[in-house]
Every structure is written in C-alpha cells, then in structure tokens.
Amino acid sequence: MKYMDEYRNSQVSQKLIQEIKDLVHQTWNIMEICGGQTHAILRFGIDRVLAPEIHFIHGPGCPVCVTPVQKIDSAIQLAFEADTILCSFGDMLRVPGTKTSLLTARGQGARVQTVYSPLDSVQIAQQNPNKQVVFFAVGFETTAPVNAMAVKKAKELGLKNFSLLCAQVLVPPAVEVLLSDPYCQIQGFLSAGHVCTVMGYHEYEPIAEKYKVPIAVTGFEPVDLFLGIKECVGMLERGMYGVRNAYTRSVHREGNILAQALMKEVFEVCDQQWRGVGCIPRSGLKLKSEYVDFDAELKFNLNIVGNGQEQTVCIAGEILQGKKKPTDCPAFGTLCTPENPIGAPMVSNEGACSAYYQYERR
Ligand code: SF4
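Residues numbered from 1 in each chain as written. Predicted model: local features only at pLDDT ≥ 70, side-chain atom pairs only at ≥ 80, totals over all residues. Heavy atoms only, no water.

Asker: What is the right way to read the site of the ligand from this model?
Answerer: The environment of the ligand is formed by Cys314, Ile315, Ala316, Ile319, Cys329, Phe332, Cys336, Ile342, Gly343, Pro345, Met346 and Cys353. Split by residue class, the shell around the ligand holds eleven nonpolar, one polar and no charged. Summarising the domain contributions, the shell around the ligand has at least three residues from each of domain 1 (1-316) and domain 2 (317-358). (Near = heavy atom within 4 Å. Nonpolar A, V, L, I, M, F, W, Y, C, P; charged D, E, K, R; others polar. Domains from an automatic or database assignment.)

Asker: Explain the pairing of strand E5 (residues 132-139) to me, please; I cannot follow it from the model alone.
Answerer: Walk down a regular strand and you will see the side chains alternate between the two sheet faces. The buried fraction of E5 is high, at seven of eight residues. The pairing of strand E3 (residues 84-88) with E5 spans four bridges and is classified as parallel. Residue Thr84 lies in a different strand from E5, and its bridge partner there is Gln132. Chirality of the crossover, the property in question, places the unit of E5, helix H8 (residues 144-157) and strand E6 (residues 162-169) among those that are right-handed. (Buried < 20%, exposed > 50% of the residue type's maximum accessible area, 1.4 Å probe, protein only. Helix = DSSP H or I, 4+ residues; strand = E, 2+ residues; numbered from the N terminus. Pairing = 2+ DSSP bridges. Right-handed = clockwise from strand over helix to strand, strands pointing away.)

Asker: Looking at this structure, I do not really get the packing of H8 against helix H13 (residues 257-266). What am I missing?
Answerer: Between two packed helices, the angle of one axis relative to the other and the distance separating the axes together describe the packing. Running from N to C, H8 and H13 cross one another at 55°; their axes reach a closest spacing of 8 Å. The angle between H8 and H13 places the two elements in the oblique class. The crossing of H8 and H13 is left-handed. Of the residues in H13, those touching H8 at Ala144, Pro145, Ala148, Met149, Val151 and Lys152 are Ala259, Leu262, Met263, Glu265 and Val266. (Axes fitted to C-alpha atoms, helices over the stretch in contact; angles between N-to-C directions. Parallel < 35°, antiparallel > 145°, perpendicular 65-115°, else oblique. Left-handed = near helix turned anticlockwise from the far one by under 90°. Contact = heavy atoms within 4.5 Å.)

Asker: What's the story with the environment of Pro345 in this structure? I'm lost.
Answerer: Tracing the sequence through the fold places Pro345 in the loop between helix H15 (316-320) and helix H16 (352-358). You can call Pro345 buried: its relative accessible area is 3%. Discounting chain neighbours no more than four positions away, the residues touching Pro345 are Cys65, Ala316, Gly351, Ala352, Cys353 and Ser354.

Asker: Explain the packing of helix H7 (residues 118-127) against H8 here, please?
Answerer: It is the contact of H7 with H8, at a shortest axis distance of 8 Å, that shows an interaxial angle of 20°. On the basis of the axis angle, H7 is roughly parallel to H8. Classified by chirality, the crossing of H8 by H7 is right-handed. Contacts from Pro118, Leu119, Val122 and Gln126 of H7 reach H8 at Val146, Asn147, Met149, Ala150, Lys153, Ala154 and Leu157.

Asker: For this particular structure, what's the right way to read unusual backbone geometry?
Answerer: Even without a glycine there, the phi angle at Lys212 is positive, about 55°. Assignment of secondary structure puts Lys212 in the loop between helix H11 (205-211) and strand E8 (214-218). Phi at Arg282 is positive, roughly 55°, even though this residue is not glycine. Looking at the element boundaries, Arg282 is found in strand E11 (residues 278-287).

Asker: Help me understand the state of the cysteines in this model?
Answerer: Every disulfide links exactly two cysteines, by a covalent bond between their sulfur atoms. Taken as a whole and assessed by the stated rule, the structure comprises one disulfide. With its sulfur 2.2 Å from that of its partner, Cys62 forms a disulfide with Cys65. An S-S torsion of about 65° defines the bridge between Cys62 and Cys65 as right-handed. On the basis of relative accessible area, Cys62 is assigned to the buried category, the value being 2%. Taking relative accessible area as the criterion, Cys65 reaches 2% and is therefore assigned buried. Cys196 carries a free sulfur, and the closest cysteine sulfur to it, the one in Cys34, is 10 Å from it. Cys232 forms no disulfide, and the closest cysteine sulfur to it belongs to Cys184, at a distance of 13 Å. Given the relative accessible area of 0%, Cys232 is considered buried. (Disulfide = S-S within 2.5 Å.)

Asker: How should I be thinking about the domain arrangement of the protein chain in this particular structure?
Answerer: Here the protein chain is partitioned into domain 1 (1-316) and domain 2 (317-358). Averaged C-alpha coordinates put domain 1 and domain 2 at centres separated by 17 Å. On the side of domain 2, 30 residues touch domain 1, which itself brings 32 residues to the contact. Both sides together, the interface formed by domain 1 and domain 2 hides about 2,600 Å², and carbon and sulfur atoms give 64% of it. Here domain 1 and domain 2 share one salt bridge between them. With a closest N to O distance of 3.3 Å, Lys323 and Asp181 form a salt bridge. (Buried area = accessible area lost by both parts, 1.4 Å probe. Salt bridge = Lys/Arg side-chain N within 4 Å of Asp/Glu carboxyl O.)

Asker: Before we go on, may I ask you to explain the sheet that holds strand E9 (residues 242-245) in this structure?
Answerer: The strands making up a sheet associate through backbone hydrogen bonding, with each pair oriented either parallel or antiparallel. Pairing in this open sheet of five strands is parallel, and the strands run E2-E1-E7-E8-E9 from one edge to the other. The open sheet has two edge strands, strand E2 (54-61) and E9, and neither has a second partner. In this sheet, adjacent strand axes meet at a mean angle of 25° when their direction is disregarded. In this structure, strand E1 (residues 28-34) lies alongside strand E7 (residues 188-192), joined through three bridges in parallel fashion. Bridge assignment links Ile30 to a residue of E7, and that residue is Gly188. The strands that helix H2 (residues 35-43) touches are E1, E2, E7 and E8; relative to E1, the one it contacts most, it runs at about 120°.

This is the structure:
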C-alpha cells in the first residue's frame, strides 16, 4: 500500500526498537491517549517487542467510549419519535445506553440510519422534508470541523428539519484531569496525531510545562509509534519535558487553521460529561447562539428517564482513566465480549477492552 508500507517496514522498525532499548535504563509509564493508538500498539505487538521497562497505560481517547449514557438514551428517544430519523456513525449503534442500544431500538422500530458523514445527514434532511433528521455528533476535535460544516450547509440551504445531538469532546482538558490526579502514574504521553493534525500541538505546551511531562505527537503506523515512543522515552531518560512532534508528515504546530476557524464559527467551548469519568470543565463543544436552531436538545422536548449509570460490574471509567486494565475486569472475556458487550470499551474499534479481546491480551 503506497504511503503505508514504508511506515510498516520491518527493517526500519527493528532499528527503532533497538534504539529505544538502548535508551531505556529504568521503568517508564507512558499513556497513549488515543484508542486508535491502543489498537495499533496491540495489533502490531509493539507492547511485546519493546523493552519490558516500558509500560503502556491506555487513555480515554475513544469517542464512542466517553459519550455519556444520557446522550445515548436521548438518541434512542429521538429515534422513536414519530417523523424523526436519527443518523449516526455505525460504531455508536451497539454502545449500551441505560437500558438498550440504538441497534436494539432499530430492531424495535426506531428510525436509525447509519451514515459515513454528517453531510450525508444533511442530504437525508433535504430528501425528507416532512421528517426531522438528527445527526448524533460524537467525537473529538477530528470530527468537529465536518460537523460544523454540516450545520453551516444546513443553514445555507435553509433547512428547518436538520439538527445535531451534540456530544463533542476535547482532548487537552482530559489530559489535565489525568495529570492533576494526586495518584497519577503517567510519566509521559503519546498524543494523537490526527487530533494534532487539526488542532496543532501548541495547546499541549502549557500542559507539558505545568506538569513537567514529555508529550510526543505520534501517528498510528508502527514506525510512527516507534518514533513517538523514542521521543518520549528520550525526554524521560534525560529528565526533560515539553512537546516533540514525531508525526511531521501530518502535524504542524498550529494545525489546520481553516478547520479550526470552521469549528470556532459554529461551536463554543462548554463543560462536558465524559462517560465513566464525570464532568470535565471546558472539555466539550456546543452550538453557538447563531446556530442554536440546530441544537436537537433544545428543539425536542427530551425526557430522559434512565439514571445514566453503568452496569455495576463494568470498570470502564477506571480503564478510561488508565487506572486499570481490561483484564482487571471480572467480566472481561466471559460476561462481556464483543458479541455481548456490557460496556462501551468492548464495542468500539477504539476501545481498550475490544483491543485486549481481539489481540488476545488475556
Ligand atoms: S470488559 Fe466489559 S464490563 Fe469490563 S470494563 Fe470492559 S466493557 Fe466494561
């Protein structure tokens, strides 16, 4: 695969593995923030080939996992409304709400349509003028620009039947919450290359400074990951902190200015609930007053009856905060499997529990 094979090259990887081993003289706990990186680390066996002194702590960067239970309950309620179509990315469908999931609701007659882009939802709204079309807008900074674009497009088209159920989250405030925990074990971070492609990495510089941690901007292929780990370990071994960019083919310090402008035009920062973690101040995005007509929560009279609590056996919150591993959960691989998931991290392609199950870290 062009532009892929060179980043999976075994000779380059072997060289980097050796360089990392030569650097390491003590144990280090490194958190990969993004669930996509967790899957890549396990899929390519990176946790097994590196020096045993390097411990990976899996972070909260799984958008499906952190979407609050109440938002899923709201989405389900909307999908059951007469004359409403709830549009969602496919990976949200199997995530459990308080009582059920969107997939089960669809089997019971709710109108749930899988889309690949929020712009598909705008098109569905155009094609169905007698129906209300709601897009379930979940995700980190990577999805926010295109969600903003969908709202702008709907406004330009004068659509009155399109809205967003918004559960957008931001990475840096979550990193601060993890680092301000007095029992924090994390000594270095691999930050998510795709988020930094959009937002740049300047937001992490004051965090690295304040908490004196090294942060390496890292991609998703094996060579990208080895380069990020090498930067992070190199700083740790030298007692340094700061932000280093190990994903230069995609990330610049300032990020994608146009995408950020689009986000800022449509969204503003708000406090946000994270599933399993709680409310993190200024860690979410909501529609600005100019676009408030596209806010599904204001448009529909949602009456959520669930308590928003996880099933008691599920320790997803502690896993998302890096305090426990999936294998610490008594339900892992027995009561909870990808076929019968109890918690969100077993559903998502970015969830740590599904990664441990899929790549047999049992
Ligand atoms: S294995 Fe299942 S029940 Fe346990 S923490 Fe993961 S998602 Fe929750």
